[in-house]
Amino acid sequence: MEKGRLEAFTDGVIAVIITIMVLELKPPHEATWSALMRNSHVFLSYVLSFIYVGLYWNNHHHMMHAVKHVNGKVMWANLFFLFWLSLFPFTTAWLNEAEPVPAPVPTAVYGFVLFVTGLSWLPMQRSLIAANGGKDGALAHALAGRRSWKEAVSPILYLSAIALAFFAPIVSCALYALVAALWVVPDRRIENEVLAR
């Protein structure tokens, strides 16, 4: 099967996720700077979640450039990934609304969703490799060899942040932001492989 429909569906779901998140941003009732600053945690969590969604969209776009075909396994793996990504608006809203801000359980759940979304990327990647030439395909060549250091460090930071959420939730939020910052500079392996071909 051609990949265009899967890309269009994924783009549509991601657009809806971002729309739902931005609708959670409620303006303050007072026309003062202090009222705006009282809601700064809401804006900051939106920015963090938006960055995560943007990172996944960007990497999905790059990965799809290195493949030509999809099959049923790819479609289900993509849906599994989108399921976890679609929980971002819920976990972001809960993180903002539960008292105290940030509260331990919502902070841990937010991190759990970030962690599992990252894990859900792996079956999609593997199924795309299998559907596009296996180990001889462009995507497999791009990802061959050792994993990037970011792939090794990110799960450790997520799990540490989830555990810390029950003792120091603000530190957990800082670790979630650190993982996002690590991935802002994209992994060039796929881009380099596509350009080489």
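Going by the structure above, here's the rest.
Residues numbered from 1 in each chain as written. Predicted model: local features only at pLDDT ≥ 70, side-chain atom pairs only at ≥ 80, totals over all residues. Heavy atoms only, no water.

Visitor: Got a sec to walk through the overall build of the chain? Specific residues and values, please.
Guide: Tallying secondary structure elements over the chain gives ten helices and zero strands in all. The order of helices and strands in the chain, counted from the N terminus, is α-α-α-α-α-α-α-α-α-α. Relative to a compact globule of 197 residues, whose C-alpha radius of gyration would be 16 Å, the chain shows 18 Å and is just as compact. When the backbone C-alpha atoms are referred to their principal axes, the chain occupies close to 60 × 30 × 25 Å. Counting over 197 residues, the chain shows a buried share of 44%. If you take every contact in the chain between residues at least 6 apart in sequence, the share linking residues at least 24 apart comes to 80%. (Helix = DSSP H or I, 4+ residues; strand = E, 2+ residues; numbered from the N terminus. Rg over C-alpha atoms; globule rule 2.2 N^0.38 Å. Buried < 20%, exposed > 50% of the residue type's maximum accessible area, 1.4 Å probe, protein only. Contact = heavy atoms within 4.5 Å.)

Visitor: Could you give an account of the packing of aromatic side chains, with specific residues and numbers?
Guide: Evaluation of the coordinates by the stated rule reveals twelve aromatic pairs. Both rings, one in Phe80 and one in Trp84, keep their centres 6.4 Å apart while their planes meet at 85°; by these two values the pair is edge-to-face. Pair noted here: Phe80 and Trp84 are both in helix α4 (residues 72-85), with a separation of four residues, about one helical turn. Look at Phe80 and you get partly exposed, because its relative accessible area is 40%. Residue classification places Trp84 among the buried residues on the basis of a relative accessible area of 16%. Here a set of aromatic residues connected by ring pairs shows up, and it is made of Tyr52, Phe88, Phe115 and Tyr158. Here Lys150 stacks its cationic end above the ring of Trp183, 4.9 Å away from the centre of that ring. (Phe/Tyr/Trp six-rings, centres within 6.5 Å; stacked < 30°, edge-to-face > 60°. Lys NZ or Arg CZ within 6 Å of the ring centre and 35° of its normal.)

Visitor: Describe in detail α4, supporting the description with residues and values.
Guide: The terminal C-alpha atoms of α4, which comprises 14 residues, lie 20 Å apart, in line with the 20 Å expected from a rise of 1.5 Å per residue. Contact partners of the buried residues in α4: α1 (4-23), α3 (40-65), α5 (88-97) and α6 (104-131). Regarding α4, its N-cap is Asn71, as a side-chain oxygen of that residue lies 3.1 Å from the backbone nitrogen of Lys73 further along. (Expected span 1.5 Å × (residues − 1). Polar contact = N/O pair within 3.5 Å; in protein donor to acceptor, adjacent residues only side chain to side chain.)

Visitor: Give me the side chain of Asn132: which residues, what numbers.
Guide: Its place among the elements puts Asn132 in the loop between α6 and α7 (138-143). Note on Asn132: relative accessible area 12%, which makes it buried. Separated by 2.9 Å, the side chain of Asn132 and the backbone nitrogen of Lys68 make a polar contact. At 2.8 Å, the side chain of Asn132 forms a polar contact with the backbone oxygen of His69. Apart from the residues within four sequence positions on either side, Asn132 is in contact with Val67, Lys68, His69 and Gly137.

Visitor: Report on the nonpolar core, specifying residues and quantitative values.
Guide: Counting 50 residues, the largest nonpolar core has Tyr52, Leu85, Phe88, Leu128, Leu139 and Tyr176 as its most contacted members. Breaking this core down by element, the ones donating at least two residues are α1, α3, α4, α5, α6, α7, α8 (149-164) and α9 (169-184). With ten residues, α6 is the largest single contributor of residues to this core. (Core = buried A, V, L, I, M, F, W, Y, C linked by side-chain atoms within 4.5 Å.)

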